[in-house]
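Analysis of the macromolecular model
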Amino acid sequence: MLCKMEFKRSLLFVIFVAIQQFQPIDSARILGFFSTPSRSHLIIHESLMRELASRGHDVTVITTFKQIGKPIPNYRYIEVTVPEDPEFKKAQEHMLKGAEKGEHFLKHFSTLVKATTGQTSKILKSTAMDEIKKEKFDLVVFGQFINDFQIGLAHHFNCPSVIITVFPAVKSVRDFVGNPDEFSSVPHLFIGANDRMTFTQRFLNVLISGMEMALSSGMEYFLMEPLYREHFPLETFPSYWDMRKNVSLILVNQHFSQGTPQALVPALQEFSGMHIKRKPDPLPENIQQWLDSATDGVIYFSMGSNTKSSDLSLDKRQAILRTFATLKQKVLWKFEDDLPDKPKNVMISKWLPQDDVLAHANVVLFISHCGKGGLSEAKYHGVPVLGIPILADQPSNLKIAVKEGWAVGLQYADLNEKTFSDALHEALSNRTYGDVVRRHSLKFRDRPQHPLDNAAFWVEYVIRHHGAKHLQSPGAHLNFFQFYSLDVFAALLLIFYITVKVSKCFLKFLYRKICGGSSSDSKTKPNSKNDKKRQ
């Protein structure tokens, strides 16, 4: 009888402890505001929002793109129709033409800035947004890319905010939560290094980081802050600078296995690979049959959602097709228009479920523009890459993959039938690329939990604590001079200067005291001799 009582008590204790450990979270109302004019960004953002909906939260997403995924419970998708922005199309055309000439994409960066900020402004002024503003939300999740002025929405809804970016932790993102800079050890996004930097690389790293700092500060003061005031008047809203300090969490598209490990404050969480499914979805029947029947393998080709394959110049397109016609492998090409005279071994489609395609066992090569999302999928599924970068971080992403040994690079400006054929045959015939990427895949996958679970945990953490500014570094509340201790160095220099001046005066004083008498005697002695002579 006593044993039964003890057993019951022990069981009740275990149940009590389990209940204490379980931290239920009430269903929260979450708004996802994704204004960036890039579908590839939305694919990553939406993976998180759909996961939050599956966990019972009431999720609303507002964007300008048509919904591709199937509707699910608790998930409201609002497509805002805004006038087509000629600036963004112009930016894409200029960057593609610039890449063909070998120009750096920053030459046309101002056009991209106008397009991105313009689209965000249009959504904020839309009638759909006016209706959304009448509702109540417990959290706002922002997609961040040259649109920081949007953060005023968090104050409108009187709720905490989370920022998600498809890029690594660049300067403008780190500043939100006061994450320290590591110029000497962590390569800048545009350096394209993933190991210890040489002196030359460190020198360039400091220069590029300084340029980014100046550009970022200029954009904040002369573009983002005025746009913030336009949409969130200071009569009823806090200042832009106060709102920047009010961000609870930043989700950054990186993982230590993809580059150089760096020190991150708790408010900066890595999520790279979050959009990659735990289990691939079934492919459309025609694509499944095409992949299954490829006994010699399949080459998957996509230039992403911003640079369309159909925008490739005619000569480059023909060079690619002539090369494909000589292959024994099949080709699955994301091509957004009709493609006359395509070889029999080439299948095209305007849109393809890229993650599910790369998961197929017969895919032997991915021809890519080297966007971060696509390279993460390739690494996860162990598929080598032939990279043809166009803009932004793509050249640097390719450099890292080439240095790691699982990619072949080809500059768009150099693409012709010979260079493309040579690069393609190198990637297909050299088994080393496949062996290396499979090893990297193991490191990329080896985590305590799926990155989507990790991202969802931290978002729910912010909800549970009604904001989580305690995850920030105190550096978020320091100005430029304080953050880099320039005021401290100035004070030290002043102290050093005063110390040197005082020491110098003191030594002069001692010298006069000690040597002053003998010096006066020596001056009078010649006078005594002269006096004697006169006598």
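Calculation criteria
Residues numbered from 1 in each chain as written. Predicted model: local features only at pLDDT ≥ 70, side-chain atom pairs only at ≥ 80, totals over all residues. Heavy atoms only, no water. Helix = DSSP H or I, 4+ residues; strand = E, 2+ residues; numbered from the N terminus. Contact = heavy atoms within 4.5 Å. Areas by Shrake-Rupley, 256 points an atom, 1.4 Å probe, with all protein chains shown as cover. Pairing = 2+ DSSP bridges. Axes fitted to C-alpha atoms, helices over the stretch in contact; angles between N-to-C directions. Expected span 1.5 Å × (residues − 1). Buried < 20%, exposed > 50% of the residue type's maximum accessible area, 1.4 Å probe, protein only. pLDDT = per-residue confidence, 0-100. 1 Å grid on protein atoms, 1.4 Å probe; cavity = no way out; pocket = protein on both sides within 12 Å on 5 of 7 lines; lining within 4 Å. Points joined across faces, edges and corners; volume = space filled by probe spheres on them. Nonpolar A, V, L, I, M, F, W, Y, C, P; charged D, E, K, R; others polar. Salt bridge = Lys/Arg side-chain N within 4 Å of Asp/Glu carboxyl O. Parallel < 35°, antiparallel > 145°, perpendicular 65-115°, else oblique. Left-handed = near helix turned anticlockwise from the far one by under 90°. Phe/Tyr/Trp six-rings, centres within 6.5 Å; stacked < 30°, edge-to-face > 60°. Lys NZ or Arg CZ within 6 Å of the ring centre and 35° of its normal.

1. So, the overall build of the protein chain
In terms of helices and strands, the protein chain carries 19 helices and 13 strands. Restricting the contact set of the protein chain to residue pairs at least 6 apart, pairs at least 24 apart contribute 67%. In the structure as shown, the protein chain presents an accessible area of about 27,500 Å², 59% of it carried by carbon and sulfur atoms.

2. With respect to the sheet that holds strand β5 (residues 161–165)
Taken in spatial order, the seven strands make up an open sheet running β3-β2-β1-β4-β5-β6-β7, and their pairing is parallel. Across the chains shown, the open sheet's two edge strands, defined by having one partner strand only, are β3 (75–79) and β7 (268–270). With direction set aside, neighbouring strand axes in the sheet form an average angle of 20 degrees. In terms of strand pairing, strand β2 (residues 58–63) meets β3 through five bridges, oriented parallel. Its bridge partner being in β3, T60 is matched across the sheet by R76. Contacts from helix α17 (residues 451–464) reach β1 (29–33), β4 (139–143), β5, β6 (247–252) and β7 within the one sheet, and its direction differs from that of β6 by about 175 degrees.

3. Re helix α11 (residues 314–325)
Counted at 1.5 Å a residue, the expected span for α11 with its 12 residues is 16 Å, and the 16 Å between its end C-alpha atoms agrees. For α11, the full list of buried residues reads K316, R317, A319, I320, L321, T323 and F324.

4. Observations regarding the environment of M219
Looking at the secondary structure, you find M219 in helix α8 (residues 199–231). Taking the C-alpha atoms as reference points, M219 and S172, separated by 47 residues in sequence, lie 9.9 Å from one another. Beyond its immediate chain neighbours, meaning those up to four positions away, M219 contacts F109, V113, I146 and M224.

5. Digging into the sheet that holds strand β13 (residues 407–409)
Taken together, six strands build an open sheet; the order of strands is β10-β9-β8-β11-β12-β13 and the sheet is parallel. In this open sheet, the two edge strands, each paired with only one partner strand, are β10 (346–349) and β13. Pairwise comparison of adjacent strand axes, ignoring direction, gives a mean angle of 20 degrees for this sheet. Here four bridges tie strand β9 (residues 330–334) to β10, and the two strands are oriented parallel to one another. Considered in β10, the bridge of V331 is made with V346.

6. Focus: unusual backbone geometry
Backbone geometry at N74 places phi at a positive 65 degrees, although glycine is not the residue there. Take N74: it is sitting in the loop between β2 and β3. Positive phi, close to 55 degrees, is recorded for S485, a residue that is not glycine. Among the structural elements, S485 can be located in the loop between α18 (480–483) and α19 (486–534). A relative accessible area of 28% means that S485 is categorised as partly exposed.

7. So, the confidence of the model for the protein chain
Mean pLDDT over the protein chain stands at 86; residues scoring 70 or higher make up 87%. Element-level mean pLDDT values for the protein chain span from 47 in helix α1 (residues 2–21) up to 97 in β1. The low-confidence segment residues 13–24, where pLDDT is below 50, has one contact with residues more than four positions distant or belonging to other chains. For residues 519–524, every residue scores under 50 in pLDDT, and the model assigns this stretch zero contacts once sequence neighbours within four places are set aside.

8. Observations regarding empty space enclosed by the protein
Empty space among the atoms becomes apparent when a probe as large as a water molecule is rolled across them. Scanning all chains against the criterion turns up one cavity of 30 Å³ or more. Considering only enclosed or pocket space, the largest cavity measures out at about 570 Å³ in volume. Along its surface, the largest cavity is lined by 35 residues, and P168, P187, L189, Q262 and I400 are the ones closest to its centre. Secondary-structure elements contributing two or more residues to the lining of the largest cavity are α8, α13 (372–381) and α14 (394–404). Ranked by residues supplied to the lining of the largest cavity, first place goes to α14 with five residues. Its residues placed into classes, the lining of the largest cavity shows 14 nonpolar, 13 polar and eight charged.

9. Quick word on the pattern of salt bridges
What the rule picks out here adds up to 25 salt bridges. Between E46 and R50 there is a salt bridge; the shortest N-O distance is 3.5 Å. Taken together, the residues E46 and R50, both in helix α2 (residues 39–54) and four residues apart, mark about one turn of the helix. Taken as a pair, E46 and R50 share a single burial class, namely buried. Note that R55 is salt-bridged to D453, the shortest N-O span being 3.2 Å. Of this pair, R55 sits in the loop between α2 and β2 while D453 sits in helix α17, and the two are 398 residues apart along the sequence. Looking at R55, the relative accessible area reads 33%, which means it is partly exposed.

10. Some thoughts on the side chain of S396
Tracing the backbone shows S396 in helix α14. Assessed through its relative accessible area of 4%, S396 is described here as buried. With residues up to four places along the chain from it excluded, the contact list for S396 reads L189, F190, I191 and G192.

11. Focus: the packing of α11 against helix α15 (residues 417–429)
Contact geometry of α11 with α15 gives a least axis separation of 9 Å together with a crossing angle of 45 degrees. The pairing of α11 with α15 is recorded here as oblique in orientation. Here α11 and α15 pass one another in a crossing that is right-handed. Facing α11, whose interface residues are A319, I320, R322, T323 and F324, α15 presents E417, F420, S421 and L424. Looking at side-chain class alone, the contact of α11 with α15 contains five nonpolar, two polar and two charged residues.

12. Focus: α15
Taking 1.5 Å of rise per residue, 13 residues should cover 18 Å, and α15 covers 18 Å from first to last C-alpha, within 8% of that figure. Taken together, the buried positions of α15 are F420, S421, A423, L424 and A427.

13. What to know about the packing of aromatic side chains
Pairs of aromatic rings are described using the distance from one ring centre to the other and the angle between the two planes. This structure, assessed with the given rule, holds 22 aromatic pairs. Aromatic pair F324 and F420: ring centres 5.8 Å apart, planes at 70 degrees, arrangement edge-to-face. A residue pair is termed long-range when its members are at least 10 positions apart, and F324 in helix α11 and F420 in helix α15 qualify at 96 residues. Residue classification places F420 among the buried residues on the basis of a relative accessible area of 0%. Note on F480 and F481: the rings are 5.7 Å apart at their centroids and 85 degrees apart in plane angle, and the pair reads as edge-to-face. What links up through ring pairs into an aromatic cluster is the set Y221, Y228, F232, F237, Y240 and W241. The ring of W351 has R39 sitting right over it, with the charged end atom 5.8 Å from the ring centre. R447 extends its terminal NZ or CZ atom over the ring of F444, reaching a point 4.6 Å from the ring centre.

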